[in-house]
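Chain by chain, the residues:
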Amino acid sequence: MVETPPTAANMRLDGGHPALDLVNTLYGQVGKPPEHDVLQTREDLMTFATRVGVATPTASTAALEAARRLRTACEHAFRGQDHDALETAVKRAYRAGHLQAGGWRWPDGDPMSAVHRLAHQAALLLADTEALGRLRGCGDCCWLYLDRSKNRSRKWCSMEDCGTNAKKRRYVEKRRALS
Ligand SMILES: [Zn+2]
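Residues numbered from 1 in each chain as written. Predicted model: local features only at pLDDT ≥ 70, side-chain atom pairs only at ≥ 80, totals over all residues. Heavy atoms only, no water.

## Let's talk about the nonpolar core
Put simply, the rule is: Throughout this description, the term nonpolar core refers to a set of buried Ala, Val, Leu, Ile, Met, Phe, Trp, Tyr and Cys residues connected via side-chain atoms within 4.5 Å. Between buried and exposed lies partly exposed: a residue is buried under 20% and exposed over 50% of the maximum accessible area for its type, with that area taken using a 1.4 Å probe on protein chains only. Secondary structure elements are taken from DSSP: a helix is a run of H or I of four residues or more, a strand is a run of E of two residues or more, and numbering for both begins at the N terminus. Whether two residues touch is decided by their heavy atoms; if any such pair falls within 4.5 Å, the residues are in contact.
One finds Phe48, Leu70, Cys74, Phe78, Leu86, Cys138 and Trp143 to be the most contacted residues of the largest nonpolar core, which totals 49 residues. Mapped onto this core, the elements with two or more residues apiece are α1 (18-23), α2 (42-51), α3 (61-78), α4 (84-96), α5 (113-127), β6 (144-146) and α7 (159-178). Counting residues per element, this core draws most heavily on α3, which supplies nine residues. Those residues within four positions of leucine 86 in sequence are excluded, and the remaining contacts are Leu70, Ala73, Cys74, Ala77, Ala122 and Leu126.

## Details of the environment of glycine 163
Here glycine 163 lies in helix α7. A sequence separation of 22 residues divides glycine 163 from cysteine 141, and the C-alpha atoms of the two residues are 10.0 Å apart. Here glycine 163 is in contact with Trp156 and Ser158, once residues within four sequence places are set aside.

## So, α3
Helical periodicity: at 3.6 residues per turn, an α-helix aligns residues three or four positions apart in one direction. The line we're drawing: The length a helix should cover is 1.5 Å for every residue beyond the first.
Along its 18 residues, α3 runs 26 Å from first to last C-alpha, staying within 8% of the 26 Å computed at 1.5 Å per residue. Those residues of α3 lying buried are Ala63, Leu64, Ala66, Ala67, Leu70, Arg71, Ala73, Cys74, Ala77 and Phe78. Looking one or two places after α3, you find glycine 80, whose phi comes out positive at around 75°.

## A look at α4
Taking 1.5 Å per residue as the helical rise, α4 with its 13 residues ought to reach 18 Å, and the 19 Å between its terminal C-alpha atoms agrees with that figure. Those residues of α4 hidden inside the fold are in contact with α3 and α5.

## A closer look at the coordination of the zinc ion
For a metal with four donors in a tetrahedral arrangement, the ideal angle between donors is 109.5 degrees, while six donors in an octahedron ideally sit at 90 or 180 degrees. What counts, and what does not: For Na, K and Ca the donor cut-off is 3.2 Å; for every other metal, N, O and S atoms count as donors within 2.8 Å. Water does not enter the count, which can leave sites looking incomplete. Geometry is assigned from donor-metal-donor angles: four donors are tetrahedral when every angle falls between 85 and 135 degrees, four are square planar and six octahedral when opposite donors sit over 155 degrees apart with all other angles between 65 and 115, and any other arrangement is irregular.
Taken together, the protein donors to the zinc ion comprise Cys138 (SG), Cys141 (SG), Cys157 (SG) and Cys162 (SG), at separations of 2.3 to 2.4 Å. For the zinc ion, the four donor atoms in the first shell make angles of 104 to 116° at the metal, so the coordination geometry reads as tetrahedral. Taken in chain order, the donor set of the zinc ion reads C-x2-C-x15-C-x4-C.

## Examining the side chain of arginine 134
Mapping arginine 134 onto the fold places it in the loop between α6 (129-132) and β5 (135-137). Note on arginine 134: relative accessible area 13%, which makes it buried. Not counting chain neighbours up to four residues away, the residues in contact with arginine 134 comprise Tyr145, Leu146, Asp147, Arg148, Ser149 and Arg152.

## Quick notes on the packing of aromatic side chains
Definition in use: Aromatic contacts are taken between Phe, Tyr and Trp rings whose centres are within 6.5 Å, Trp giving its six-membered ring; a plane angle under 30 degrees counts as stacked, one over 60 as edge-to-face, and the others as tilted.
The full count for this structure, using the stated rule, is four aromatic pairs. A centroid spacing of 5.1 Å and a plane angle of 75° characterise the contact between tyrosine 27 and tryptophan 143, whose relative ring orientation is edge-to-face. Of the two residues, tyrosine 27 sits in strand β1 (residues 26-27) while tryptophan 143 sits in the loop between β5 and β6, which places them 116 residues apart along the sequence. Look at tryptophan 143 and you get buried, because its relative accessible area is 3%. Their ring planes at 25° and their centres at 4.4 Å tell us that tyrosine 94 and tryptophan 104 sit as a pair that is stacked. Here tryptophan 104 lies in strand β4 (residues 103-105) and tyrosine 94 lies in helix α4, a separation of ten residues in the sequence. Grouping aromatic residues by their ring pairs yields a cluster made of Tyr94, Trp104 and Trp106.

Structure, rendered in structure tokens:
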């Protein structure tokens, strides 16, 4: 059976935060080349943006490229590597935005607004030390997520998916060791 690759419309949102779900639009294992990219077209970006609460009625091809760059910047920032690229994206977002009662706003007509809103979300997460204390990397795939479990013991992005995979692999390894 050939598995259908996930799309922006059906990918799991296990990150617990829009900026982490953006990182998770790339599928694969840690330290290995990505296996699948959910963000293929600007429509994918719009679908993803809607699902994580930063919807815009329009997005350009340039916005898709910017979203992919922002994804790499978030990956670096949230894995504690460097924050330079994210800083650049966030500054660009605030230059394009307007500060109003209720917070930062980006015009719906701007095809870059979804990317700016995501950059703003990433900046908020980076400033949230409580959330950062719950930031984890999946023990099986390359995804990041916030561990909201009571005893902070969540090891996988999703128990149904990576948790089961890891268990299966351990079982096979144990059988192999016994034989
Ligand atoms: Zn995982």
